[in-house]
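# Per-entry structural report
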Amino acid sequence: MAHAGFACEPPPDVDTDDCLPEYSYVFQPDILKGKVAFVTGGGSGIGFRIAEILMRHGCQCVIASRNLERLTEAAKKLSAATGQRCLPVSLDVRQPRSISAAVDEALREFEKIDILVNNAAGNFLCPASSLSFNGYKTVVEIDTLGTFNVSKVLYEKYLQENGGVIVNITATLSYRGQALQMHAGTAKAAVEAMTKHLAVEWGPQRIRVISVAPGPISGTEGYRRLVPPNLESNHYFQNIPLQRTGNKTEIAHSVLYLVSPLASYVTGTTLVVDGGNWMTSENSFPSLLGIAKL
């Protein structure tokens, strides 16, 4: 008899930017054999775990961000845990020239890139009335323009002729106008629209484009920054239908499904992976954060 909680029990995870000490396969271990993935923001948090899970299923990986030192350390961990090659490359998603150089380096190393995961993002809590012009611009540049920049470069250099899958990591912030998140919410909403447009235009080139919208995910920089430490004691998670936060492995498994042959007819849509959080959770952040007025 199956365990009663099987349908929504979280898989094991670790909060730190380390590989899982052990891993149980649900999909075939070689389901991505021969594939190469390019993951922005792959040196830590959700991006690191996505790279790990893809590599555990036979994929070779390129992890990219601005911090080459952190990437190099992450790449060593990933290769040691999975036995797959992992190439760290430095880039700034706001600068097409640096993206182009990084993609060229990746193609010299692996000769192909089948999967792109646009995971690089910037965020912080701030009421719109206090948001600086430059702060808003920076978030849009990283999240929205960065997603387009990397997608366009990779399209021109490889995907246009060879097909592939693009997964954009977005958010549910815009679905109901999340307090203190106007900057990130509008940036991610634009990425979800971009997902639809690119899916339509690039579908004939055998390119699938999908978004994944995580909820609160433990063990991430975003969680540490965006979820106040007193929330757990304030029964915050009782408002989430699944009664808990998510973890990085759950997001990585969602990406694994979407880039695998099991999702061969899925494109132009968003998979929300948040335990039902956006529909039910409290949105009165002023009281929760001690901000008197927005």
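This section reports on the structure supplied with the text. (Residues numbered from 1 in each chain as written. Predicted model: local features only at pLDDT ≥ 70, side-chain atom pairs only at ≥ 80, totals over all residues. Heavy atoms only, no water.)

Topologically, T249 is positioned in helix α7 (residues 248–259). Filtering out sequence-adjacent residues up to four positions away, T249 remains in contact with P11, P12, D13, L20, R49 and I53. (Helix = DSSP H or I, 4+ residues; strand = E, 2+ residues; numbered from the N terminus. Contact = heavy atoms within 4.5 Å.)

Here the focus is the packing of aromatic side chains. All told, the structure shown has 3 aromatic pairs when counted by the stated rule. Both rings, one in Y23 and one in Y25, keep their centres 4.9 Å apart while their planes meet at 90°; by these two values the pair is edge-to-face. Owing to a relative accessible area of 38%, Y25 belongs among the partly exposed residues under this scheme. Between the aromatic rings of Y155 and W202, the centroid separation amounts to 4.1 Å while the plane-to-plane angle is 10°, which identifies the pairing as stacked. Of this pair, Y155 sits in helix α4 (residues 133–162) while W202 sits in helix α5 (residues 182–202), placing them 47 residues apart in sequence. Here Y155 matches W202 in class, with each residue buried. (Phe/Tyr/Trp six-rings, centres within 6.5 Å; stacked < 30°, edge-to-face > 60°. Buried < 20%, exposed > 50% of the residue type's maximum accessible area, 1.4 Å probe, protein only.)

A word on empty space enclosed by the protein. Applying the stated criterion across every chain, the model contains 1 cavity of 30 Å³ or more. Estimated volume of the largest cavity: approximately 30 Å³. Around the largest cavity sit T40, V93, N118, A120, I142, G146, T147 and V150, which together line it. Tallying contributions element by element places α4 first for the lining of the largest cavity, with 4 residues. For the lining of the largest cavity, the residue count by class is 4 nonpolar, 4 polar and no charged. (1 Å grid on protein atoms, 1.4 Å probe; cavity = no way out; pocket = protein on both sides within 12 Å on 5 of 7 lines; lining within 4 Å. Points joined across faces, edges and corners; volume = space filled by probe spheres on them. Nonpolar A, V, L, I, M, F, W, Y, C, P; charged D, E, K, R; others polar.)

By the definition in use, this model includes 12 salt bridges. Between K77 and D18 there is a salt bridge, and its shortest N-O distance comes to 3.0 Å. Of this pair, K77 sits in helix α2 (residues 68–82) while D18 is found in the segment before β1 (36–40), placing the two residues 59 residues apart along the sequence. Taking relative accessible area as the criterion, D18 reaches 31% and is therefore assigned partly exposed. The structure contains a network of salt bridges with shared partners spanning D13, R49, E52 and R56. (Salt bridge = Lys/Arg side-chain N within 4 Å of Asp/Glu carboxyl O.)

Honestly, it's all geometry; don't read function into it.
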